[in-house]
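So the chains spell out like this:
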Amino acid sequence: MGKMLKPQWLLPLILVGLVMGIVGGWTRLGYSGFPNVNSAINHALLMTGCFMGTLVSLERSIVLPSKNWLAVPLLGVLATIAILAGQQTTGMVLLSVQSAGLVVILYLQASRYKLVEQWILCLGAIGWLIGNLMVIKTEFVPAATTWWIGFILFTIVGERLEFGKFLPNPPWSKYLLYALLILFFLGLLIPFHEGGNLLQGWVAFLVGLWLIKFDMAKNSIKKAGFHQYVGTGLMVGYSWLGVFGVSLLLLEEHPLFYDIFLHTYFLGFAFSMIWAHAPVILPAVFKKPETIYHPVLWWGWSFFQITLLGRMLAALLKYPEVRQSLGIINGWIVLGMFVLMAGIMVWKLYFKALPQNSAQKVV
């Protein structure tokens, strides 16, 4: 199977989950341009499982010697097809098997390298698996939401620790972060409206502050070009993580509480991480040395952040028409960013001569 599967074939199929997830989000906002009830019902599954979870699975499987592990992200592609065909149960089973496969991949890597950050990544995958199993058991997607949040948080923190393992941070700083992650996991075990949201909120806020203070993005943001773009994106993403934490602490009685805390997290935090890492990860999928960076990315990134901030403020202040309009525009910008990065990659790799030693160091 490994010889038949190619990462570059899987990536466009993974993006189908993103496109249909956005279409579902538009339908939920009341946009009649591309109405799709099935995508609207399964919006969370398409965005968190079929897109984000499968993207993480692809990222982790391509570094393994055996390409048979590409069967793990392939399960996510098959889950997307099943869900779009109206077979939600089949899709959830496929996502559950995929998340179990990711747990195995990360467990094998953690056992081999014996690094704390590898175990953090593995714990995140376990959270994704638990959330998927809860959906199968309860047929209630909100029951899994916090576990999926934990999956993304542990994945991002684990990856940032991988990148910054040689930073001269004081030893106590890592122990503080480990303690915060343990508290967040405990918050997942507590019922959401019985204190779990408050514990998660405090921890998310403090983890956001920790990343702003100790992550290597604080150094990258002082540089120019590619490094500044990535560093700025990461720092803004960490700020969104803090906003997510504050929303859990203060907005429980707000009528749009769920919209605010879910999208400050999954769009504000998670997609800020995607925009920052994509210029390096996407070329790795295609086995190309060039980063996908051009100054034009600043425009797309800025419009994404501005429209998302406007949408969240409109939700907070209860302006439904403004919230709808900015939410629709924000979705178009997400799609536009991927088209823009694809265009930059094609231009750099096929229409512009590659300079010597063009590979950039991850920041």
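Up top is the structure these notes are about.
Residues numbered from 1 in each chain as written. Predicted model: local features only at pLDDT ≥ 70, side-chain atom pairs only at ≥ 80, totals over all residues. Heavy atoms only, no water.

**Student:** Is there a simple way to think about the layout of surface pockets in this case?
**Tutor:** Any empty space left between atoms is shown by rolling a water-sized probe over those atoms. Within this model, the largest pocket holds a volume of roughly 970 Å³. Lining the largest pocket are 44 residues, and of these Arg28, His43, Ala44, Leu262 and His263 sit closest to its centre. Secondary-structure elements contributing two or more residues to the lining of the largest pocket are helix H1 (7-29), helix H3 (43-61), helix H7 (142-163), helix H8 (171-189), helix H12 (257-285) and helix H14 (320-351). Top element by residues in the lining of the largest pocket is H12. It accounts for 8 residues. Here the residues of the lining of the largest pocket sort into 26 nonpolar, 14 polar and 4 charged. (1 Å grid on protein atoms, 1.4 Å probe; cavity = no way out; pocket = protein on both sides within 12 Å on 5 of 7 lines; lining within 4 Å. Points joined across faces, edges and corners; volume = space filled by probe spheres on them. Helix = DSSP H or I, 4+ residues; strand = E, 2+ residues; numbered from the N terminus. Nonpolar A, V, L, I, M, F, W, Y, C, P; charged D, E, K, R; others polar.)

**Student:** Whenever I open this one, the packing of helix H11 (residues 225-250) against H12 confuses me. Can you help?
**Tutor:** Each packed pair of helices is defined by two parameters, the angle between the axes and the distance between the axes. In contact at an axis separation of 8 Å, H11 and H12 are set at 165° when each is read in the N-to-C sense. The angle between the axes of H11 and H12 places the two elements in the roughly antiparallel class. As H11 runs across H12, the sense of the crossing is left-handed. Partitioning the contact of H11 with H12 into residue classes produces 20 nonpolar, 7 polar and no charged. (Axes fitted to C-alpha atoms, helices over the stretch in contact; angles between N-to-C directions. Parallel < 35°, antiparallel > 145°, perpendicular 65-115°, else oblique. Left-handed = near helix turned anticlockwise from the far one by under 90°.)

**Student:** Teacher, can you tell me more about empty space enclosed by the protein here?
**Tutor:** On inspection of all chains with the given rule, the structure shows 4 cavities of 30 Å³ or more. Of the volumes computed, that of the largest cavity is approximately 300 Å³. Contributing to the lining of the largest cavity are 19 residues, with Leu55, Val56, Glu59, Ile274 and Ile281 lying nearest its centre. Taken together, the elements giving at least two residues each to the lining of the largest cavity come down to H1, H3, H7 and H12. Here the lining of the largest cavity gets 7 residues from one element, more than from any other, and that element is H12. Taken together, the residues of the lining of the largest cavity sort by class into 15 nonpolar, 2 polar and 2 charged. Reported here for the second largest cavity is a volume of approximately 70 Å³. Contributing to the lining of the second largest cavity are Arg160, Leu161, Gly164, Leu167, Asn169, Lys174, Trp210, Phe214, Asp215 and Met216. Of all the secondary structure elements, the ones that give two or more residues to the lining of the second largest cavity are H7 and helix H9 (196-214). Across the lining of the second largest cavity, the residue classes tally to 5 nonpolar, 2 polar and 3 charged.

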